[in-house]
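Observations on the three-dimensional arrangement
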Number of protein chains: 2
Amino acid sequence: MSVREPLLELGKRALNTTSQTAIVGAKLCSIESLDYEIVENDLFKEDWRTRKRVQIFQYVCLKWSLALLVGLLTGLVGFFNNFAVENIAGFKLLLTNDLMLKERYHAAFVAYAGCNLLLATAAAALCAYIAPAAAGSGIPEVKAYLNGVDSHSILAPSTLLVKIFGSIFGVSAGFVLGKEGPMVHTGACIASMLGQGGSRKYHLTWRCLRYFKNDRDRRDLITCGAAAGVAAAFRAPVGGVLFTLEEATSWWRNALLWRTFFTNAVVAVVLRSLIVYCRGGKCGLFGKGGLIMFDLSSTVSTYSTSDLVAVIILGVIGGILGALYNHLVGKILRKYSIINEKGAAFKIMHTMIISLLTSCCSYGIPWLARCTPCPPGLEDRCPTAGRSGNFKNFQCPPGHYNDLASLFLNTNEDAIRNLFTANTGNEFDISTLVLFFIAVYCLGLVTYGIAVPSGLFIPVILAGASFGRLVGTILSPICSLDPALFALFGAASLLGGTMRMTVSVCIILLELTNDLLMLPLVMLVLLISKSVADNFNIGVYDLIIQMKGLPFLVAHAEPYMRHLVAGDVVSGPLITFTGVEKVGNIMQILKTTRHHGFPVINEPPFCEAPELCGLVLRSHLIVLLKGKRFTRDKVLTGVGEVFKKFGSFDFAKAGPGKGMKLEELDISVDEMEMYVDLHPITNKSPYTVVETMSLAKAALLFRELGLRHLCVVPKTPGRPPVIGVLTRHDFMQEHILRLFPHFNRQKKRNEEQT
Amino acid sequence: MSVREPLLELGKRALNTTSQTAIVGAKLCSIESLDYEIVENDLFKEDWRTRKRVQIFQYVCLKWSLALLVGLLTGLVGFFNNFAVENIAGFKLLLTNDLMLKERYHAAFVAYAGCNLLLATAAAALCAYIAPAAAGSGIPEVKAYLNGVDSHSILAPSTLLVKIFGSIFGVSAGFVLGKEGPMVHTGACIASMLGQGGSRKYHLTWRCLRYFKNDRDRRDLITCGAAAGVAAAFRAPVGGVLFTLEEATSWWRNALLWRTFFTNAVVAVVLRSLIVYCRGGKCGLFGKGGLIMFDLSSTVSTYSTSDLVAVIILGVIGGILGALYNHLVGKILRKYSIINEKGAAFKIMHTMIISLLTSCCSYGIPWLARCTPCPPGLEDRCPTAGRSGNFKNFQCPPGHYNDLASLFLNTNEDAIRNLFTANTGNEFDISTLVLFFIAVYCLGLVTYGIAVPSGLFIPVILAGASFGRLVGTILSPICSLDPALFALFGAASLLGGTMRMTVSVCIILLELTNDLLMLPLVMLVLLISKSVADNFNIGVYDLIIQMKGLPFLVAHAEPYMRHLVAGDVVSGPLITFTGVEKVGNIMQILKTTRHHGFPVINEPPFCEAPELCGLVLRSHLIVLLKGKRFTRDKVLTGVGEVFKKFGSFDFAKAGPGKGMKLEELDISVDEMEMYVDLHPITNKSPYTVVETMSLAKAALLFRELGLRHLCVVPKTPGRPPVIGVLTRHDFMQEHILRLFPHFNRQKKRNEEQT
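Residues numbered from 1 in each chain as written. Chains lettered and ligands numbered in written order. Predicted model: local features only at pLDDT ≥ 70, side-chain atom pairs only at ≥ 80, totals over all residues. Heavy atoms only, no water.

The name an unreviewed UniProt entry gives chain A is Chloride channel 7 protein, with Dioscorea alata as the organism.

Written as structure tokens, this is what we have:
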């Protein structure tokens, strides 16, 4: 196939094969490629020429204002999320605590499990009925968007709404899931809404906004939004910038670094102001903590060789556990996709079952723990009075605490805080940590994939911290480091093993714990666990992208692509237009194909021999036809004629699903016989490759420049001036291996050899 | 001009116009472009096909081993630098102190100034006679290298040696300059040495090393080296990664992030181990401090609105002062270049004069200060006994201290540490801070550009910190923040104003001071000062690159490039080869031109019509001719014939200045009449643009893919298959504006309008 809309097909095919390859969450029936290339047609040039300095100034101001707005809104949403969760979950936990104190244990369980079930059902109902795209983490979808794949309604306002409230309900329901993935998605949704370039519906069509109506500016804004999401979730502004840089984006430039940094500074200021405002107890049960969520800085920080060895071992085990986690997530998602396909009711029931399971674990397992007498000198803090704290009383007599309840009957964040508490020695028994680690690891696995917005960071940190603290407690006779620091290294090792990020996780952990002195060790742990895990499989986000069948362009060309040339993957009939084309022909082609870009060929008498004029986009053609500046004869009308009817604003790319539809056109039979000059809307500078160009190099060109269409031109004269158009689809491994199956066999043989 | 070696010309031209445009430091008579494109010729493909898995594994291992080695060596050099400076400068200061205590004030001055002069002369002599390229910061050159410009001997071993010792002498000599720029350069030099891909001279030609013989792997390694330099200078491993990402590199990918991070982890471990080793006093006068150089974390950190306003004002003033600094650096460098041109002796004399000036200031100005009684409660620390410390006695009676001497008669690092000392209230008088700020700001300006390795970070931090502390001291009645924190903000604002970096400066300051709670305010200050300063001029490193005439490819295309097409800037006669070319022709062209790449055209009878076969490199041609596999007739010999004589190793690109020379060829008259088949060494997949491609888009392609040659092909058939080759030179503003002067006028008019 050459020019066509392959992504649609790819999405459909992926959907059809669900039973084998599993598709999670939203339906992928409409995936669209994004186009980051600047369409340099005559209209664009005319617009550039006439653009005044004041407009450019307005544009710059607006760009920064939007970045500010994204930061502001994401910060507010992040705070609101935190505030709501702490109040809802706090109320639930206090209620359970109260009933426990009165020794009404059954009532306590009913209250606890009931609240959880209610919240879980609400979250699942929102997801299942209003916005299925809001389920799951959202980071893979945002990552795919920033790679140039726009999947259906992933950034729609309904998704935003469900993501915010679904995440609040889901986290409050006591699931082993986090809010950071959903916050990243939320930030991206907010940015996408602001980046629509105004709205005709709400009469927000300020002249300046129109410059934002393109995929390139939207992408930049969404990058800022994703970074703001991390900043709001972890109160880690610099970590957020690095997260987008390392994990989320596929294209990056320094100007964007600087703007993302600004957005995150705004988030930090918003969060800090609200936290300071809440300090007087004005926000109900909202916690006391400052910008640093799990402060570890007071811990002593000299370490010896035996500590180093312990940390290295921790890294290796963390890497293996992380790779196993990814493997199991994949397996479980495949199973879940079968349930998800059966409809909304099944999704809700599924969520309810997992909720009951979680409640049973959280409430049931603590009964296995012995009551421990409070350590001397901590009488004021033990047993804990309020909803959170290190020493939960549970069923124990006064002056004693249940260490398993301290971990299970708390919000996930409080449990992490407890695991990171230093100078409490062997507060947690080894058996407690073993039980908690196993429970959290397994619950985390079964929870991801239910129809609730669910982040992966917190479950992984929780499992990693309990595992690390376990190792630290076991090794405490021979290691000088506090078990709390081991909890930090454990979290780092499991994060490295699942996410495969290095610098950003390092900075996020630094900002979470404020423990700069441990930086070299955290770096070491991350390096080891990532290296170990990379031997087994790919990172969890990439895995999910693969399973969803999103056509993600990877950074490196596969070796077999060096043995192919661009011409090899071009196939099927090529559809082109002539510079001045009959309206009927255009209508016919637009109706019968789903291609998004068509080469325009100049033909005699307008030139001596057929030559490539450029590339015209489907969306531009529809707008041009709508304008009806047709001529009876095949003549050039020029850009002036088009400008009489249109501004370049009219051709700007609308937000997803908002462009003009082909069905809106109303062309009479008479007009069908007339001609229209395509030159003014033709992008005269499409990127081209010669047919003998190595496919690996063409792929590099395609990805680095963020293209949607790449014209393939013939090497020898005397043939048509363009022989095909490469799109994202043509660079996908499965497409190439279907065309050239022997590479597949070769690849498999290589894999077997290792 | 089309195919040619324009950079050489550009360098020469820049040199000729020195008197007007000023060129600083090294002679630029041989600038060479680097080529990051993979030369996919038959030899390469054959090599890929036969490459075994074990070789790939070796390659990966080696890549990481080299990254480890770079980290190890840079860490060691960084420590050695620190160790040497603290011992030399410490000895000098102790000697001066001793003489002061005996009230032999003149002798003290002679000793102080004499030591300084001696060290300065040694540093200048090294620079002037052995490696002129080692003078200055080195960051601009490394930045240019990573952009694809290899200027003469910038990464040579002699430069490395002079950089290390010159920097030690220069910093010890009490100049207002830093070691971080030189450390970055040192790291890059170490990486460049290790990245030569073995050495025939020293019989280090392990088979695996040959895969490193290309500009691409060298570039990656040098990126690691630059990052390691920052890490070693500031003990800031994450800051180092971000510095290279934000400021140094022009190309980036995630795999590199991960490797750089590893290198910096190694640096951190090396530094920490050595610091721990030195704690027992085993390293002479080497300081006590840990990994964090200026710890501020103990400072109270609540701030109010008035503090916020003060910080914003600080940011604005810092931005203005920073822009002024850049402007003045430019002016002074222009003046200095006249001195530098006169020869080595002048350079040394110049350095000696600046050294005497610095000595006079450091020793003279403290006499202006009143003696202050030691603050109560600090009797054990005041007056300071050793070489460093906050309360220098100088000429004062016992129990008193001279606050100006505490700043002037210390190493720069100790002076910064003193400015960052919290909880000492108004230790420094306002007049002291004013005097010190003015002196340091001016001395910093006149010092940069002398023939000594000199970093810009420390002078800027020093001036910024004194300015910030000044503001903090003035505002202390109304602000609740400690003046030490104001010193931090002052340093951030001036760094933002001169360097124009955001994220990396933020992280470097965080790692220097361990004060995470101030992060939002530091971000704010940086954003404001950068925004303010950007209105006046460009960042100091970009300024120096411009002044040195290095052909740096900027990230954004200039607006006027949208009005030009690729064909517009192609000019002059094009030199091409045919697929099977006469040896004599090749020799003739290689001798008479300096072009580095030649298009190869297939001609009948080997094909029907002339067509572009690919691009062949000068260096490959020389190697091929050296092999003498010539034929009597014009026939294809194929890749097998070439492989009988060569491995692809022989064609790998040697390190700078090491490739085979044309003069080494010895071709007989008889051989001149023979033919050679160029196909095996022709890169069959050169990137091409159509002549009507907009120049802005061609520039984007050229930069993003790191090209050296870009073939321009005709749009209409019936013309030669290639009409020119674009090189870096063709995208330079001055080249384009010389061809199209009206854009220059237009640009000027636009600038006047604003």
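Having seen the model, we can carry on.
Quick look at the interface of chain B and chain A
The accessible area lost on association of the parts is a frequent measure of interface size. At the junction of the two partners, chain B supplies 75 residues and chain A supplies 76 residues. Summed over both sides, the interface of chain B with chain A buries roughly 6,700 Å², with 70% coming from carbon and sulfur. Seen at the junction of chain B and chain A, the total is four salt bridges. Across the chain B-chain A interface, the total number found is 16 residue pairs in polar contact (both at pLDDT 80 or more). (Contact = heavy atoms within 4.5 Å. Buried area = accessible area lost by both parts, 1.4 Å probe. Salt bridge = Lys/Arg side-chain N within 4 Å of Asp/Glu carboxyl O. Polar contact = N/O pair within 3.5 Å; in protein donor to acceptor, adjacent residues only side chain to side chain.)

Quick look at the sheet that holds strand S7 (residues 597-602) of chain A
Read across the open sheet, the three strands follow the order S5-S7-S8 (chain A); overall the sheet is mixed. Lying at the two open borders of the sheet, with one neighbouring strand each, are strand S5 (577-578) and strand S8 (611-617) of chain A. (Pairing = 2+ DSSP bridges. Helix = DSSP H or I, 4+ residues; strand = E, 2+ residues; numbered from the N terminus.)

Quick look at the confidence of the model for chain A
The pLDDT averaged across chain A works out to 85; a share of 91% of its residues lies at or above 70. The low-confidence segment residues 1-29 of chain A (pLDDT under 50) makes 85 contacts with residues lying over four places distant or belonging to another chain. (pLDDT = per-residue confidence, 0-100.)

What about the sheet that holds strand S12 (residues 724-726) of chain B?
Residues and elements named next belong to chain B. Spatial ordering of the open sheet is given by S10-S11-S12, a layout of three strands whose pairing is mixed. Only two strands of the sheet have a single neighbouring strand rather than two, namely strand S10 (688-690) and S12. Taking each pair of neighbouring strands and ignoring which way they run, the sheet shows an average axis angle of 35°. Bridge analysis of strand S11 (residues 710-713) against S12 gives three bridges, and the strand direction is antiparallel. Note that in S12 the partner of cysteine 711 across the bridge is valine 725. (Axes fitted to C-alpha atoms, helices over the stretch in contact; angles between N-to-C directions.)

A short note on the pattern of salt bridges
One pass over the full model with this rule turns up 36 salt bridges over all chains. Between glutamate 40 of chain B and arginine 562 of chain A there is a salt bridge, with its nearest N and O atoms 2.4 Å apart. In this pair, glutamate 40 of chain B sits in the loop between strand S1 (32-33) and helix H3 (42-50) while arginine 562 of chain A sits in the loop between helix H21 (540-547) and helix H22 (566-569), so the two residues belong to two different chains. For arginine 562 of chain A, a relative accessible area of 15% puts it in the buried group. Between aspartate 220 of chain B and arginine 259 of chain B there is a salt bridge, with the nearest N and O atoms lying 3.7 Å from each other. Separated by 39 residues along the polypeptide, aspartate 220 of chain B in helix H9 (residues 215-234) and arginine 259 of chain B in helix H11 (residues 254-278) bring together distant segments of the chain. As far as the burial class goes, aspartate 220 of chain B and arginine 259 of chain B line up, both buried. Taken together, the shared-partner salt bridges connect Lys143, Glu247 and Asp542 of chain A into one network. (Buried < 20%, exposed > 50% of the residue type's maximum accessible area, 1.4 Å probe, protein only.)

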